[in-house]
Amino acid sequence: MSELERSNDPEKKEQALAHGSEYALSYLDRTLAPAVRNILLTAADSFDGQNAAVAGPQEAIESLRTLLPAEATLTVRCTLPVDQHLPRWPGTLRTGPVMPLEQGLWPYDPEAAAMLAGRRRLIKREWLTSEQQEKDAAWLAQHDLIVESADSVDSRGRFALFAAADDETLQNAHAAEAALCASDTERESAAAWLGEALGYPSCCVNTFQRLGRRDDLTLAMELLPTVDASPASPLTQWLHGPLALISHTPCSLECGDSMALAKAVLQELERERPGFSARWEQLTRRIQLVDVHGNSFALRATGELSASVVVEDAVRFSLPSADSFSEVMESVPEFAGRTFHNVQGALVSDGFRAVVLADHRRAI
Ligand SMILES: [Zn+2]
């Protein structure tokens, strides 16, 4: 199956098969058979954006269908706004001693918990400012871990660090990190080593390796199920950083190895702070979504996501400020009692629209 996407892109910023008029045309499936890919590229070459502008994406796709063999299936999954983004949650959500639950869940450290539970032997933190790096290093050192700065400093001048219980693992981690920039074969084995040391299931590492683009939005569109799928367990929730028990993107919300890992982490966090598990589940066993403006919500709701849902309670997540976690979660009383409808894969209600969705309402 090929999935085509048309989006508004007047300045041609998107990677796309083709740009026409003010639109970009792209597909999300990286594993197209070469013959299908060639047909799509031929079709895209003649794409001028005009039909789509007048007729809407579905009809534009229908006109492309005439160029494909009769047995081909062509589906529009959804149309993303060109400026859709997902928040980048800071590592500080994990740094520091736990608070009484009535003051909130944060910070909590699922990676230190996974280490204690014997589910990983390496921690890698990224996207840190130098101040955060210092604070996080001190926090991890309290867990009897050796902490070293990872050599990689990204283009925005953010830092990364590694922590492990033994020096050998740390040295291997530095070597694997360097090999990620080397030849294809070296890169693959380095990624496999890092994945294993970090406790990531091999099915998830392989899936991640297979995807060409690895930004969170691409991962969400590729790996989150469609709205007609039945609800998943809260254990594999990864869309919202503040609720995640796992640090990798699971190959699917039904990934058994990811669920087993998350369960072990949850048990460790519960042992550390009795009552954590119930509070976490109360927030995570919900519909998790990011609206078109990049705002993150968790909806407790009844009804089927494939039709419409009625919201009972809603919370919104925001980035923490430098020294406080009190703003990470706030209640959204205006959503209570509102009906949200599924319109072509998007959840829509009265000026609100979200296309990035994960239904985690199943029991653990
Ligand atoms: Zn997996």
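This text follows the structure it describes.
So, here's what we can say about the structure. (Residues numbered from 1 in each chain as written. Predicted model: local features only at pLDDT ≥ 70, side-chain atom pairs only at ≥ 80, totals over all residues. Heavy atoms only, no water.)

Here we come to the packing of aromatic side chains. For the structure shown, the criterion picks out seven aromatic pairs. Relative to Phe276, the ring of Tyr108 lies with its centre 4.9 Å away and its plane at 70 degrees, an arrangement referred to as edge-to-face. On the criterion of sequence distance, the pair formed by Tyr108 in the loop between strand 4 (74-75) and helix 4 (110-116) and Phe276 in helix 11 (residues 276-284) is long-range, its members being 168 residues apart. The residues Tyr108 and Phe276 share a single accessibility class, namely buried. (Phe/Tyr/Trp six-rings, centres within 6.5 Å; stacked < 30°, edge-to-face > 60°. Helix = DSSP H or I, 4+ residues; strand = E, 2+ residues; numbered from the N terminus. Buried < 20%, exposed > 50% of the residue type's maximum accessible area, 1.4 Å probe, protein only.)

On to the pattern of salt bridges. Across all of its chains, the model carries 15 salt bridges by this definition. Between Glu111 and Arg125 there is a salt bridge whose closest N-O contact spans 2.7 Å. Remark: Arg125 occurs in strand 5 (residues 123-128) and Glu111 occurs in helix 4; sequence separation between them is 14 residues. Accessibility assignment for this pair places Glu111 and Arg125 in one class, buried. Taking the shortest distance from any N to any O, the salt bridge between Asp359 and Arg361 comes out at 2.8 Å. Summarising the burial analysis for this pair, Asp359 and Arg361 share the class buried. Ionic contacts of the salt-bridge type, sharing partners, join the residues Arg94, Asp109, Glu111, Arg120, Arg125 and Asp136 into one network. (Salt bridge = Lys/Arg side-chain N within 4 Å of Asp/Glu carboxyl O.)

Around the zinc ion, the protein contributes the donor atoms Cys203 (SG), Cys204 (SG), Cys251 (SG) and Cys255 (SG), at 2.3 to 2.4 Å from the metal centre. Note that the zinc ion binds four donor atoms; their angles at the metal cover 101 to 117 degrees, and the shape is tetrahedral. Sequence spacing of the donors to the zinc ion: C-C-x46-C-x3-C. Overall, Cys203 belongs to the partly exposed group, its relative accessible area being 28%. (Donors = N, O, S within 2.8 Å, 3.2 Å for Na, K, Ca; no water. Tetrahedral: all angles 85-135°; square planar, octahedral: opposite > 155°, others 65-115°.)

Attention shifts here to unusual backbone geometry. Cis rather than trans, the peptide bond between Trp106 and Pro107 has omega equal to 0 degrees. As for its position among the elements, Pro107 is in the loop between strand 4 and helix 4. If you check the backbone angles, Asp144 has positive phi at about 60 degrees while not being a glycine. Exposure remark for Asp144: the relative accessible area of 69% places this residue in the exposed category. Positive phi values are uncommon outside glycine, yet Gln344 reaches one of about 50 degrees. As for its placement among the helices and strands, Gln344 is situated in the loop between strand 12 (339-343) and strand 13 (346-349).

What follows deals with the nonpolar core. Among the nonpolar cores identified, the biggest contains 25 residues, and Leu105, Trp106, Tyr108, Leu245, Phe276, Trp280 and Phe317 are the most heavily contacted of them. Counting only elements with at least two residues in this core, the list comes to helix 4, helix 10 (256-272), helix 11 and strand 10 (308-317). Per-element accounting of this core gives the leading share, six residues, to helix 10. (Core = buried A, V, L, I, M, F, W, Y, C linked by side-chain atoms within 4.5 Å.)

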